[in-house]
Amino acid sequence: MRKASISRVLLLSLVALQGGAGCASAQEASDPEANFEYLWQTFDRNYGIFGPKRVDWDALYRVYRPQVTARTSDQQLFDIMASLLGHLNDNHVRLIAPDRRFQSGILGETTQSREGFGRGELDDFSLQLIKDVYLSGRYQQRVRDVFTFGWLNDSIGYFHFRGFGSLDQSAAAVDEIVQEFASARGIIIDVRANGGGDDRVGKAIADRFADQKRLYMTTEVRNGPEHDDFSAPKYWYVEPNGPIQFTGPVILLQHRFSVSAAENFALAMRVLPHVTLVGDMSSGVFADVYGDQLPNGWRFGVPYKLFLDQNGFCWEGIGVPADIRQTNRREDIEGGVDRALELAMSLILSGDLGPHGAMGSLRDVRESAVGLVERELEQNGLDAATAVYPRIKAAEPEAYYLDEDELIGLGRRLAASGRLEAAARILEIGAREFPKSYAVQENLGDVYFDLGDQERGRQSYARALEANRRSYPWEKQAYETQREIASGKRALSRLLTTAEDDASLLALLEDFRRDRQAYHVNEGEINNYGYVLLREDRVSAAIEVFKINVEQFPESWNVHDSLGEAYMVHGDTALAIEFYEKSIELNPNNTNGREMLARLRGQ
């Protein structure tokens, strides 16, 4: 796809970081024009799905850019940006101003998504109906009521889960559920009204139903200026794991409000020959997203990955199709009937559900090179481990895959256990194989500094900065983090991610409070990690992390809002109200805070 020339990049942030060569026009642009340019250029440089969606981003620029002038009002600018982003048809694309919000895609076209997910109550689905009518009130729940399960009759098991949170807790819950239903004639898994979460959790759940190792998805990261610049693929396999697997008839119920990680879970389940998908198309949004902020403070999300199924097809904007379509109407639910669930039960009772083909899932089944390297390290030492990957790459290039995330994870584990030389040697493999990876160079720099090799540490940080695009606020923050680390400070957010459990995380926070000047604290990174903990149902730990942000950034309305949310999840209503009130005091336009306060005071 054709690319815009650099003369159209009117980004003040680019001027600030790169000296402004060729970008003087950015300083002359009006606020509305600069904000539009910032939004358009950010998507142009980072959005991962232009190709599969066949979106001509340059053509849309020519349509919408002339509509923005120095006299464009905030309301007009928001409407123009929302119209532009609406063409992406992407539920993960959001634009949030203090008094307005926009979401692209089907979820933005209906209020159901904002009202029904948390309760599992939508026009075409009611978890309470299933509990009361189909489970007759006999059900169990796990992981803070994320999982609901019980027997529909004496031969069919049912479980619903509303999100993909804690990996360990979710795996344990599903192991218990599979054991409970081991003798079942069939199992119905329900991901309707499932808002998504961590894809690793979806893989772990699907592994409990796998008959053998099968490829179900690949993911790639947008990593260059062209719309088709991507990293090497990351391979996702479903494979038997856990105490037992259930390989009898399974029906997966889904609909248009099965979102994100729920859809990637559907990709995993649909390659299993004993699984049938019933319901409707899923929501059609797969890619991971990062948050950014316009110069005027409006926030927006940018999906930066490309997700493909096992055959290389991208379902973005379409959704995973059901094998057998059956939907509910509002009057069905109001009348106490779930037609999709009843069809699923009838299909199992018929005994006629036969296995389907492999759907291409047995092609390109590879072994993890990182797993091989780790085994070689433990059995034969560091030299053997670092030599094995070049050997298999040359001799068996189609038999193994090298996963960047797995490699970084191994390096971090080695560093955390004090095996710094091994960590450096392993991460050096990543530096050679993933030359555009900011993360590999950053982690390698950390290890070099821990080894006392400041020169190589600074070189790795320099390479990380070179690989990093440095044009946007989150990247400028990363630059500041590295600069402070290079001067001897420790990045608190990065250290928190290495904590093995809540006790070690709390100990790290205490160390931080004793010597704050020794650490670099990035508000956005700390806030993001707090939400990671919330998604994993580690609510108490999340509260402690959000407290750090409140202590460090007392004038930030957003950190008070986040802490209020954590207290609300924890059930501490008085404290939740206190911090939401402070957030609104700092930002009277915080509409989300006002909505939460009204809800809390109405309890």
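See the structure shown above.
Here the structure is a predicted model, which is why all the values come from computation and not from measurement. (Residues numbered from 1 in each chain as written. Predicted model: local features only at pLDDT ≥ 70, side-chain atom pairs only at ≥ 80, totals over all residues. Heavy atoms only, no water.)

A tally of helices and strands in the protein yields 28 helices and 20 strands. Expressed as a percentage of contacts within the protein between residues at least 6 apart in sequence, the contacts between residues at least 24 apart total 70%. About 25500 Å² of surface is accessible on the protein, with carbon and sulfur atoms providing 47% of the total. (Helix = DSSP H or I, 4+ residues; strand = E, 2+ residues; numbered from the N terminus. Contact = heavy atoms within 4.5 Å. Areas by Shrake-Rupley, 256 points an atom, 1.4 Å probe, with all protein chains shown as cover.)

To continue, consider empty space enclosed by the protein. Overall, the coordinates contain one cavity of 30 Å³ or more when judged by the stated rule. In this structure, the largest cavity occupies an estimated 60 Å³ of space. What lines the largest cavity is Asp124, Arg192, Gln254, His255, Gly279, Asp280, Gln326, Thr327, Asn328 and Ala340. Taken together, the residues of the lining of the largest cavity break down into one nonpolar, six polar and three charged. (1 Å grid on protein atoms, 1.4 Å probe; cavity = no way out; pocket = protein on both sides within 12 Å on 5 of 7 lines; lining within 4 Å. Points joined across faces, edges and corners; volume = space filled by probe spheres on them. Nonpolar A, V, L, I, M, F, W, Y, C, P; charged D, E, K, R; others polar.)

At a closest axis distance of 11 Å, the pairing of helix H5 (residues 57–64) and helix H6 (residues 74–86) adopts a crossing angle of 155°. Classified by the interaxial angle, the pair formed by H5 and H6 is roughly antiparallel. For the crossing formed where H5 meets H6, the hand is right-handed. Across the interface between the two elements, Trp57, Leu60 and Tyr64 from H5 touch Ile80, Ser83, Leu84 and Leu85 from H6. (Axes fitted to C-alpha atoms, helices over the stretch in contact; angles between N-to-C directions. Parallel < 35°, antiparallel > 145°, perpendicular 65-115°, else oblique. Left-handed = near helix turned anticlockwise from the far one by under 90°.)

In this section: the sheet that holds strand E10 (residues 234–238). Sheet architecture is open: three strands sit in the order E10-E9-E15, paired in antiparallel fashion. Two strands close off the open sheet at either side, each with one partner strand: E10 and strand E15 (305–309). Sheet twist, expressed as the average angle between the axes of neighbouring strands with direction ignored, equals 20°. Against the sheet, helix H11 (residues 199–207) contacts strand E9 (214–221), E10 and E15, and its axis sits at roughly 30° relative to E10. (Pairing = 2+ DSSP bridges.)

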